[in-house]
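Spelled out from the first residue to the last, the chains are:
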Amino acid sequence: MFLPAGSRDEMGPAVSNRFAVMEKFRKVAVSRGYEEISTPVVEYATTFTNEYVDMKLQNMLKWFNSEGEIEVLRPDWTTSIARALSSQERKPQKWSYQGAVFNTNRPGMEYHQAGIEILHMPSLMGESESLLMAHSFLTQLGITDYAIELGHTKLYESLVQKLDLKKDDAERLRLAMHDKKQDEVYQIAMNNGGKETAKELAALVDAYGGIEIIDEYEERWKGREDLLEVLAQIKKTAQILTESGSGHILVDLGRVKNLPYYSGMMFRGFLQKTGAVCFSGGRYDTLYERYGGGVSAAGLAFDVDVLAELYRDESPMKKVCILASPDTLVYAEKLRSSYKNCIVDIQTHEADLGNYDKILEVKLTDGKFEVLEK
Ligand SMILES: N[C@@H](Cc1c[nH]c[nH+]1)C(=O)O
């Protein structure tokens, strides 16, 4: 009633689990050599709607500023970070970040990401590091049953090039491909070009599953060096991940971009229990063209809300409660230091005492302090 539709308050474990996930992320990122970056939550809309990024204004939380320019609440970290880093030296860089992103399409409008961006690293190094970092972070969170899905923008895009598609049809086809609507993909392709391409694209809808799909497509695409090169990249990445003990690997050769700026390999992490996407990312070299020249760039972002929902503290601290009054508070405060690595909560008798491992009461009788265990 007192909040705009979609906005919500959070309290208790929903908040503490999120912070716990964020703390673990920070530890892993810092230990792998990432520097930290933060950009403002309010940006110009054009940072995200320009032709290089091409995100949809309709999904952004926006208003006019006093000069009549549209400002938005950050809908995407990757684009903001590209803006912020556009004038940096051209040498390998690894950045990590965490915070809210806003999108009117999502329930709650505000959601939380923790992510990494890797710049000026040779091809495959950025992709592999992103995924190895994901593995290491998920392992720290105790999540081992997840799958990594690998795809690449160039497969679908090079097949579609053979069609003569207007902008609207191109978007319809992309959506049909994204939703894996095979009949619709076939029809749109048929109406805009040749039967051969329609058949190839329809088949690509099903090119989803274990890594062995690559072998099948190596046969199918014999002689098409550009496509074979992409398959080789996916295969090499899968091999690096498998040899490093990372999650179960899947490929989706028919995957289309979920964000307009991807320009190479794309990846997602799925939790096997729920099927939820817990991270998403890819290569996006062309995003930097807006700022004067492409840059080798890859990264990914974790959905902190999805991870927080799963989070369980494996070794929770013991909870000690000390019951005190204004007369015994100073003594109780000193008593805290006797309980190292514990949560020490000073409370009064009105507190709910059901949730502690130990309850003590400080009593003052005839000028003497006494500690009683309850
Ligand atoms: N910004 C992307 C994730 C990403 C980070 N770097 C590259 N991609 C997203 O929100 O899904």
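This report concerns the structure included in the present document. What you are looking at is a predicted structure, and each value in this text was computed from that prediction instead of being measured.

What to know about the sheet that holds strand β4 (residues 70-73)
Now for step 1: Strand order in the open sheet formed by three strands is β2-β4-β3, with antiparallel pairing between adjacent strands. Sheet topology places β2 (42-44) and β3 (62-64) at the edges, where each strand pairs with a single neighbour. In this sheet, neighbouring strand axes are inclined to one another by 35 degrees on average, regardless of whether the strands run parallel or antiparallel.
Now for step 2: Looking at chain direction, β3 and β4 are connected through three bridges and run antiparallel. The residue of β4 that forms the bridge with K62 is V72.

What to know about the pairing of strand β6 (residues 110-119)
Now for step 1: Most of β6 sits out of view: nine of its ten residues are buried.
Now for step 2: By the bridge criterion, ten bridges tie strand β5 (residues 93-102) to β6 in an arrangement that is antiparallel. Residue F102 lies in a different strand from β6, and its bridge partner there is E110.
Now for step 3: Sheet analysis places β6 next to strand β12 (residues 297-303), joined by seven bridges and oriented antiparallel. Pairing of I118 across the sheet is with A298, part of β12.

Notes on the site of the ligand
Now for step 1: In the neighbourhood of the ligand, 15 residues make up the surrounding shell, with D76, T78, E117, Y261 and Y262 lying closest.
Now for step 2: A distance of 2.8 Å is found between a nitrogen atom of the ligand and a side-chain nitrogen or oxygen belonging to E117.
Now for step 3: Within the side chain of Y262, a nitrogen or oxygen atom sits 2.6 Å from a nitrogen atom of the ligand.
Now for step 4: Protein burial of the ligand: of its 300 Å² of free accessible surface, 92% is covered by the chains.
Now for step 5: Looking at the shell around the ligand, the elements with two or more residues in it are β6, β11 (277-283) and β12.

Digging into a nonpolar patch on the surface
Now for step 1: A cluster of nonpolar side chains, Y331, L364, F369 and V371, forms an exposed patch at the surface whose accessible area comes to about 310 Å².
Now for step 2: Mapped onto the secondary structure, V371 falls in strand β16 (residues 368-373).

Thoughts on the side chain of R74
Now for step 1: Residue placement: R74 occurs in the loop between β4 and α3 (77-85).
Now for step 2: This buried residue, R74, is left without a salt bridge; E43 holds the nearest opposite charge, at 6.3 Å.
Now for step 3: Here T39 takes part through its backbone oxygen, which lies 2.9 Å from a polar atom of the side chain of R74.
Now for step 4: Those residues in contact with R74, other than ones at most four positions away along the chain, are T39, P40, V41, S80, G99, A100, V101 and F102.

Focus on the sheet that holds strand β13 (residues 318-323)
Now for step 1: If you trace the four strands from one edge of the open sheet to the other, you get β14-β13-β15-β16, paired in mixed fashion. On the outer flanks of this sheet lie β14 (342-347) and β16, each paired with one strand and no other. Along the sheet, successive strands turn relative to each other by an average axial angle of 25 degrees, direction set aside.
Now for step 2: Where strand β15 (residues 358-365) and β16 come together, six bridges link them in antiparallel fashion. Opposite V362, over in β16, you have V371 as the bridge partner.

Examining the nonpolar core
Now for step 1: Core analysis: the biggest nonpolar cluster contains 65 residues, and L150, L253 and F279 have the highest contact counts within it.
Now for step 2: Of all hydrophobic cores here, the second largest spans 26 residues; its members include I37, V101, L287 and Y288.

So, the environment of N103
Now for step 1: Position of N103 among the secondary structure elements: in the loop between β5 and β6.
Now for step 2: N103 sits in the buried class, given a relative accessible area of 17%.
Now for step 3: In sequence terms N103 and I213 are 110 residues apart; their C-alpha atoms lie 35 Å from each other.
Now for step 4: Those residues in contact with N103 that sit more than four places away from it in its chain are N59, M109 and Y111.

Thresholds applied
- Residues numbered from 1 in each chain as written.
- Predicted model: local features only at pLDDT ≥ 70, side-chain atom pairs only at ≥ 80, totals over all residues.
- Heavy atoms only, no water.
- Pairing = 2+ DSSP bridges.
- Helix = DSSP H or I, 4+ residues; strand = E, 2+ residues; numbered from the N terminus.
- Axes fitted to C-alpha atoms, helices over the stretch in contact; angles between N-to-C directions.
- Buried < 20%, exposed > 50% of the residue type's maximum accessible area, 1.4 Å probe, protein only.
- Near = heavy atom within 4 Å.
- Polar contact = N/O pair within 3.5 Å; in protein donor to acceptor, adjacent residues only side chain to side chain.
- Areas by Shrake-Rupley, 256 points an atom, 1.4 Å probe, with all protein chains shown as cover.
- Patch = residues over 30% accessible without salt bridge, like charges linked within 9 Å, V, L, I, M, F, W, Y side chains within 5 Å.
- Salt bridge = Lys/Arg side-chain N within 4 Å of Asp/Glu carboxyl O.
- Lys, Arg positive; Asp, Glu negative; His and termini not counted.
- Contact = heavy atoms within 4.5 Å.
- Core = buried A, V, L, I, M, F, W, Y, C linked by side-chain atoms within 4.5 Å.

All quantities given are derived from atomic positions and should not be read as evidence of function.
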